Amino acid sequence: MSKRTITSFFASRLADTASKKPRLDSPPDADAPPSPPTTHPSYPHPIAALPTSLLTLLDTSPPPAPHTITKPDLSITHYHFFPPPTARQLFLSLRSSLPFYRVTYTIKRDSLDTTVRTPRYTTVFGVDANSYFSGDSSHDARALLDSKTHKAVPGDRYRNCVCPPRPIPGCLEVLKNLVERETGETFNFVLVNYYASPSDSIAYHSDDEAFLGPNPTIASLSLGATRDFLMKHKEDKAQTLKLALTNGELLVMKGATQRKWLHSSTSIPIYSPTAVDTSIYTKRI
Ligand SMILES: O=C(O)CCC(=O)C(=O)O
Ligand SMILES: [Fe+2]
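Rules behind the numbers
Along each chain, the written sequence defines residue order, and numbers are assigned to residues from 1. Ligands are numbered from 1 and chains lettered from A, in the order in which they are written. In view of the model being predicted, local features appear only for residues whose pLDDT reaches at least 70, and side-chain atom pairs are presented and counted only at 80 or more, with totals across whole chains, interfaces and linings using the full set of residues. Side-chain calculation: all heavy atoms of the structure are included, whereas hydrogens and water are not. Residue types Ala, Val, Leu, Ile, Met, Phe, Trp, Tyr and Cys, when buried and joined through side-chain atoms within 4.5 Å, form a set referred to as a nonpolar core. For every residue, the accessible area (1.4 Å probe, protein chains only) is compared with the maximum for its type, and the residue is labelled buried under 20%, exposed over 50%, or partly exposed between those bounds. Here a strand is any run of E in DSSP of at least two residues, a helix any run of H or I of at least four, and the numbering for each starts at the N terminus. Any two residues whose heavy atoms approach within 4.5 Å are treated as being in contact. Two distance rules govern patches: like charges are joined within 9 Å, and nonpolar side chains (Val, Leu, Ile, Met, Phe, Trp, Tyr) within 5 Å, applied only to residues with over 30% relative accessible area and no salt bridge. Residue exposure ignores everything except the shown protein chains as possible cover, and the areas themselves are Shrake-Rupley values with a 1.4 Å probe. The salt bridge criterion pairs a side-chain nitrogen of Lys or Arg with a carboxyl oxygen of Asp or Glu, the two atoms within 4 Å. Two rings from Phe, Tyr or Trp (for Trp, the six-membered ring) form a pair when their centres sit within 6.5 Å of each other. Planes less than 30 degrees apart are called stacked, planes more than 60 degrees apart edge-to-face, and all others tilted. The rule for a charge over a ring is simple: NZ of Lys or CZ of Arg within 6 Å of the ring centre, and within 35 degrees of the ring normal. Note on terminology: disulfide denotes any pair of cysteine sulfur atoms within 2.5 Å. Fitted lines through C-alpha atoms serve as axes, helices being fitted only where they are in contact, and the angles separating the N-to-C directions of these axes extend from 0 to 180 degrees. An angle counts as roughly parallel when it lies under 35 degrees, as roughly antiparallel when it exceeds 145, as roughly perpendicular when it falls between 65 and 115, and as oblique in every other case. Whether a crossing is left-handed or right-handed is set by the direction in which the near helix is turned from the far one by less than a right angle, anticlockwise for left-handed and clockwise for right-handed. The nonpolar class holds Ala, Val, Leu, Ile, Met, Phe, Trp, Tyr, Cys and Pro. Asp, Glu, Lys and Arg form the charged class, and all remaining residues, Gly among them, are polar.

- With an unreviewed UniProt entry as reference, the protein chain is termed Fe2OG dioxygenase domain-containing protein, source organism Orbilia brochopaga.

Some points on the nonpolar core
Then step 1. Core analysis: the largest hydrophobic core is formed by 33 residues, its most contacted members being Leu-50, Leu-58, Phe-82, Leu-90, Leu-94 and Leu-172.
Then step 2. Considering every element that reaches this core, the biggest residue donor is helix α4 (residues 170–183), with six residues.
Then step 3. Residues contacting Leu-50, with those up to four places away along its chain left out, are Leu-55, Leu-58, Leu-90, Ser-93, Leu-94, Cys-171 and Val-174.
Then step 4. Core analysis: the second largest hydrophobic core is formed by 12 residues, Ile-69, Ile-218, Met-253 and Trp-261 among them.

As for a nonpolar patch on the surface
Then step 1. Among the surface-exposed residues, Tyr-101, Val-103 and Tyr-105 lie close enough to one another that they form a single nonpolar patch of about 250 Å² accessible area.
Then step 2. Tracing the chain through its elements places Tyr-101 in the loop between α3 (84–97) and β3 (104–109).

Regarding the packing of aromatic side chains
Then step 1. With the rule as written, the count across this model stands at six aromatic pairs.
Then step 2. Arranged with centres 5.7 Å apart and planes meeting at 85°, the rings of Tyr-43 and Phe-125 form a pair that is edge-to-face. Here Tyr-43 is found in the loop between α1 (3–19) and α2 (52–60), whereas its partner Phe-125 is found in strand β5 (residues 121–126), with 82 residues between them in sequence.
Then step 3. Of the residues examined, Tyr-43 reaches a relative accessible area of 7% and is grouped as buried.
Then step 4. What makes Phe-125 buried here is its relative accessible area of 0%.
Then step 5. Connected via pairs of aromatic rings, a cluster forms that spans Phe-91, Phe-100, Tyr-121 and Tyr-194.
Then step 6. Lying across the ring of Tyr-121, Arg-102 places its NZ or CZ 4.1 Å from the centre.
Then step 7. Sitting above the plane of the Tyr-204 ring, Lys-232 keeps its charged end 4.2 Å from the centroid.

Comments concerning the state of the cysteines
Then step 1. Counting across every chain of the model gives zero disulfides.
Then step 2. For the unlinked cysteine Cys-163, the closest cysteine sulfur is that of Cys-161, found at 6.0 Å.

Some thoughts on the packing of α2 against α3
Then step 1. The interhelical angle for the contact between α2 and α3, taken along N-to-C directions, is 140°, at an axis separation of 10 Å. Overall, the two elements α2 and α3 adopt an arrangement that is oblique. Relative to α3, the crossing made by α2 is left-handed. Here Leu-54, Leu-57 and Leu-58 of α2 come into contact with α3, specifically with Thr-86, Gln-89, Leu-90 and Ser-93.
Then step 2. By residue class, the composition of the contact of α2 with α3 is four nonpolar, three polar and no charged.

Section: the side chain of Glu-180
Then step 1. Among the structural elements, Glu-180 can be located in helix α4.
Then step 2. Accessibility expressed as a relative area gives 16% for Glu-180, which makes it buried.
Then step 3. Those residues within four positions of Glu-180 in sequence are excluded, and the remaining contacts are Glu-185, Thr-186 and Phe-187.

Concerning the pattern of salt bridges
Pairing between side chains of opposite charge can happen when the charged atoms of each approach one another.
Then step 1. In total, this model carries eight salt bridges according to the counting rule given.
Then step 2. Between Glu-185 and Lys-254 there is a salt bridge whose closest N-O contact spans 3.1 Å. Of this pair, Glu-185 sits in the loop between α4 and β8 (189–195) while Lys-254 sits in strand β13 (residues 249–254); the two residues are 69 residues apart in sequence, bridging distant segments of the chain.
Then step 3. A relative accessible area of 12% means that Glu-185 is categorised as buried.
Then step 4. Note that Asp-228 is salt-bridged to Lys-242, the shortest N-O span being 3.6 Å. Here the residue Asp-228 occupies a position in strand β11 (residues 227–233), and Lys-242 occupies one in strand β12 (residues 240–245), the gap between them amounting to 14 residues.
Then step 5. Residue Asp-228 is classed as partly exposed on the basis of its relative accessible area of 23%.
Then step 6. Of the residues examined, Lys-242 reaches a relative accessible area of 57% and is grouped as exposed.

Next comes the structure, spelled out in structure tokens:
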């Protein structure tokens, strides 16, 4: 590449960056006091807002450069969405503010009921497209309303639901908005997995639950340690994929990907007190 070409390449990148709008809807004022925590009766405790200094970093991060992967029945785009130091601060902030839990469920093993604990921490927010929460994350008495009638949702609508509706707290709403702006998609669930030790992982599965629709878009933001994301085609066993998801990377799966492929996330190979990981998993319904 000639010198002239390199210069013009960087000149156009700089021009792009300068013309890019701020990434956040309301860019933070660095001197503003932190927003109050988000509260709701469905939360075990108030959920702290992201620190203002971190919001400022999110707003000034450079625009990400997407990469696409071409394989049969697969639609994946991935981005270096946040610079690693910003992603690390996000990880620490969310790890201390979010109410994580281990999901347990019961299976029959040799006709005995056995309780299984999932090998990761999780926390889920959002509600399906039949309902929505009134107000926004600055309101603490947000009511669950029917999407069509705009009246209170009947008490039994989510009675047997494994993930009872919970409004998305402000700290995750910010990230959801950034992902929506970049991908042009809208999401109404945010699931955060926290892999707290080397033995934490998620087994092969696809996010193909009926309520997600036939071709759901799933965006996954990785924060913390680099971790292998493994994929295999459901029918064509020769088709596999291994991606090392790094701190601050955003992976977007679309189209037939959930119908045709399985994905899993391994436990991390080398453990140190800092090599823990979380992924923010945003689902569109
Ligand atoms: O943590 C990840 O990257 C994947 C998580 C996942 O596949 C899920 O929660 O369904
Ligand atoms: Fe998944």
